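Here is how the chains run, residue by residue.
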Number of protein chains: 2
Amino acid sequence: MLIQIDFSSEEAIYQQLCNQIILGIATSQFTEGQALPSVRQLADDIGINMHTVNKAYTVLKQEGFVKVDRRRGAVISVDVDRIRAQKSIDKELRILLAEAICRNLTRQDIHAMVDRIYDDYGEVNER
Amino acid sequence: MLIQIDFSSEEAIYQQLCNQIILGIATSQFTEGQALPSVRQLADDIGINMHTVNKAYTVLKQEGFVKVDRRRGAVISVDVDRIRAQKSIDKELRILLAEAICRNLTRQDIHAMVDRIYDDYGEVNER
DNA sequence: CATCTGTTATATTATCGATATAACAGATGG
DNA sequence: CCATCTGTTATATCGATAATATAACAGATG
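Just so you know, these numbers come straight off a predicted model, no measurement behind them. (Residues numbered from 1 in each chain as written. Chains lettered and ligands numbered in written order. Predicted model: local features only at pLDDT ≥ 70, side-chain atom pairs only at ≥ 80, totals over all residues. Heavy atoms only, no water.)

### Topic: the packing of helix 4 (residues 82–102) of chain A against helix 1 (residues 13–26) of chain B
Two measures define how a pair of helices packs: the angle their axes make with one another and the distance between the axes. The condition that has to hold: Between N-to-C directions, angles span 0 to 180 degrees; the directions come from axes that are lines fitted to C-alpha atoms, helices contributing only their stretch in contact. Strands here mean DSSP runs of E at least two residues long; helices mean DSSP runs of H or I at least four residues long; both are numbered from the N terminus. By the definition adopted for this analysis, an angle is roughly parallel if under 35 degrees, roughly antiparallel if over 145, roughly perpendicular if from 65 to 115, and oblique otherwise. Rotating anticlockwise by less than a right angle from the far helix to the near helix defines a left-handed crossing, while the corresponding clockwise rotation defines a right-handed one. Pairs of residues are marked as contacts when any of their non-hydrogen atoms sit within 4.5 Å. Note on residue classes: Ala, Val, Leu, Ile, Met, Phe, Trp, Tyr, Cys and Pro are nonpolar, Asp, Glu, Lys and Arg are charged, and everything else, Gly too, is polar.
Between helix 4 of chain A and helix 1 of chain B, the shortest axis-to-axis distance is 8 Å and the interhelical angle comes to 50°. In terms of orientation, helix 4 of chain A and helix 1 of chain B fall into the oblique class. The element helix 4 of chain A and its partner helix 1 of chain B pack so that their crossing is left-handed. On helix 1 of chain B, the residues that touch Arg94(A), Ile95(A), Ala98(A), Glu99(A), Ile101(A) and Cys102(A) of helix 4 of chain A are Asn19(B), Ile22(B), Leu23(B), Ile25(B) and Ala26(B). Considered class by class, the residues forming the contact of helix 4 of chain A with helix 1 of chain B number eight nonpolar, one polar and two charged.

Structure representation (structure tokens):
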């Protein structure tokens, strides 16, 4: 899977890495059990420091997206705790929807956006 | 409107301020034309530095939630640019929904959460 | 004219993101 | 057995950011 970093973004590099890998899992470009590139390998490919990749992997591990195997490195292993996930997503969604309401976006608008995104992500599967 | 700051949060204080005020606008606890507390007043109330509040107001101004009147201070004035808002929200939603999919939350789950939040925000209006 | 508004300038402290160099422990394959 | 790969840890440095503090300025109010 291609990983793209926007160096002019305000978003931290390690955070962009986390997001892209989560996106990759959601679109099945990374699958359960698959090994991620090694910290040194990925750092080299992107042209960043090893520790930046290591931080991303560490965060992904703590958030339950990968497990680390001494032999194979970081391996995709999604911890599915729906209750906990729902809480975390609800919290972020509340902030996002507050802004949406201020901008006069209706709940129908949001439903449409959600459907569109789910469709987009689903389509990546069928190639 | 009561403004609560979590000092143990990793989220910056000025960012929490922005979010709470946007939340206040979404729930009509702040209404168009209403003046926010002065930077010094609010800083005193919360027990933080004036410049932290000033930064929050500056960000809210740049994002089109308030305008500043020399006489009255920061006044709620929401700039409704639906196209721009849609883009910004879509981007954040894509990251959020990627995580949701990883955790096995269906689009129906998300629709339910969205409806719940819209209902919650709407109810504040009817008091 | 005292008092309120936001705004600006400067300085300091602490934290964080990213980089760099280096080393360690465990596993692998020739 | 040893070179090589894995993540991990330990320091150190540099720059940017968050928050604080003190101070001053310009415009409006009563």
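### Here we look at the protein's contact with DNA strand C
Filter applied, for reference: A molecule or strand has a residue near it when one of that residue's heavy atoms lies within 4 Å. Here a polar contact means two N or O atoms within 3.5 Å. Within protein one must be a hydrogen donor candidate and the other an acceptor candidate, and residues neighboring in sequence count only if both atoms are side-chain atoms.
As a structural note, the neighbourhood of DNA strand C is formed by 23 residues, with Ile13(A), His51(A), Thr52(A), Arg71(A) and Lys61(B) the closest of them. Expressed as a percentage, the sugar and phosphate content of the atoms of DNA strand C within 4 Å of the protein is 60%. Lys55(A) places a side-chain nitrogen or oxygen 2.9 Å from a phosphate oxygen of DNA strand C. His51(B) is positioned with one of its side-chain polar atoms (N or O) 2.8 Å from a base nitrogen of DNA strand C. Of all the elements in the fold, those that place two or more residues in the surface near DNA strand C are helix 1 (13–26) and helix 3 (50–62) of chain A together with helix 2 (39–46), helix 3 (50–62) and strand 2 (73–76) of chain B. Taken together, the residues that form the surface near DNA strand C break down as nine nonpolar, seven polar and seven charged.

### Looking at the relation of the copies chain B and chain A
Quick note on the threshold: We place the copies in one frame by least squares, fitting the C-alpha atoms of every residue whose pLDDT is at least 70 in both.
Note on the copies: chain B fits chain A at an RMSD of 0.1 Å, the axial shift is 0.0 Å, and the rotation between them is 180°. Here the transformation between the copies is reduced to the relation of a two-fold axis. Using C-alpha coordinates, one finds that chain B approaches the rotation axis most closely at His111(B), a distance of 3.2 Å. A share of 100% of interface residues in chain B that are also interface residues in chain A marks the association as one of identical surfaces.

### Topic: the protein's contact with DNA strand D
Lys61(A), Ile13(B), His51(B), Lys55(B) and Arg71(B) are the nearest of the 23 residues found near DNA strand D. Near the protein, within 4 Å, the atoms of DNA strand D are sugar or phosphate in 60% of cases. Elements that contribute at least two residues to the surface near DNA strand D include exactly helix 2 (39–46), helix 3 and strand 2 (73–76) of chain A together with helix 1 and helix 3 of chain B. Of the residues contributing to the surface near DNA strand D, the split by class is nine nonpolar, seven polar and seven charged.

### Some thoughts on the nonpolar core
Nonpolar side chains in soluble globular proteins tend to end up buried together. The condition that has to hold: The set of buried Ala, Val, Leu, Ile, Met, Phe, Trp, Tyr and Cys residues whose side-chain atoms join them within 4.5 Å is what this entry labels a nonpolar core. Partly exposed describes any residue whose relative accessible area lies between the buried limit of under 20% and the exposed limit of over 50%, with all areas from a 1.4 Å probe on protein chains only and scaled to the type maximum.
Core analysis: the biggest nonpolar cluster contains 79 residues, and Leu17(A), Tyr57(A), Leu97(A), Leu17(B) and Tyr57(B) have the highest contact counts within it. Contact partners of Tyr57(A), with chain neighbours within four places excluded, come to Ile21(A), Leu36(A), Pro37(A), Val39(A), Leu42(A), Val66(A) and Ala74(A).

### Side note on the domain arrangement of chain A
To keep it simple, the criterion reads: For every domain, the bounds stem from an assignment made automatically or drawn from a database.
In terms of domains, chain A is made up of domain 1 (13–76) and domain 2 (82–120). For domain 1 of chain A versus domain 2 of chain A, the distance between C-alpha centres works out to 26 Å.

### Section: helix 2 of chain B
Residues and elements named next belong to chain B. Counted only if it meets this: By definition, the arc is the one covered by directions from the helix axis to the C-beta atoms.
Along helix 2, the residues classified as buried are Val39, Leu42, Ala43 and Ile46. Here the buried residues of helix 2 occupy an arc of 100° about the axis, which is enough to place them on one side. In helix 2, the exposed residues that point more than 90 degrees away from the buried face are Arg40, Asp44 and Asp45. Phi turns positive, to about 90°, at glycine 47, one or two residues after helix 2.

### So, the pairing of strand 1 (residues 66–69) of chain B
All names here are of chain B. Basically, it comes down to this: A pair of strands is treated as paired once DSSP finds two or more bridges between them.
In this structure, strand 1 lies alongside strand 2, joined through four bridges in antiparallel fashion. Looking at the pairing, aspartate 69 lines up with glycine 73 of strand 2. Two successive antiparallel strands, strand 1 and strand 2, enclose a turn made up of three residues.

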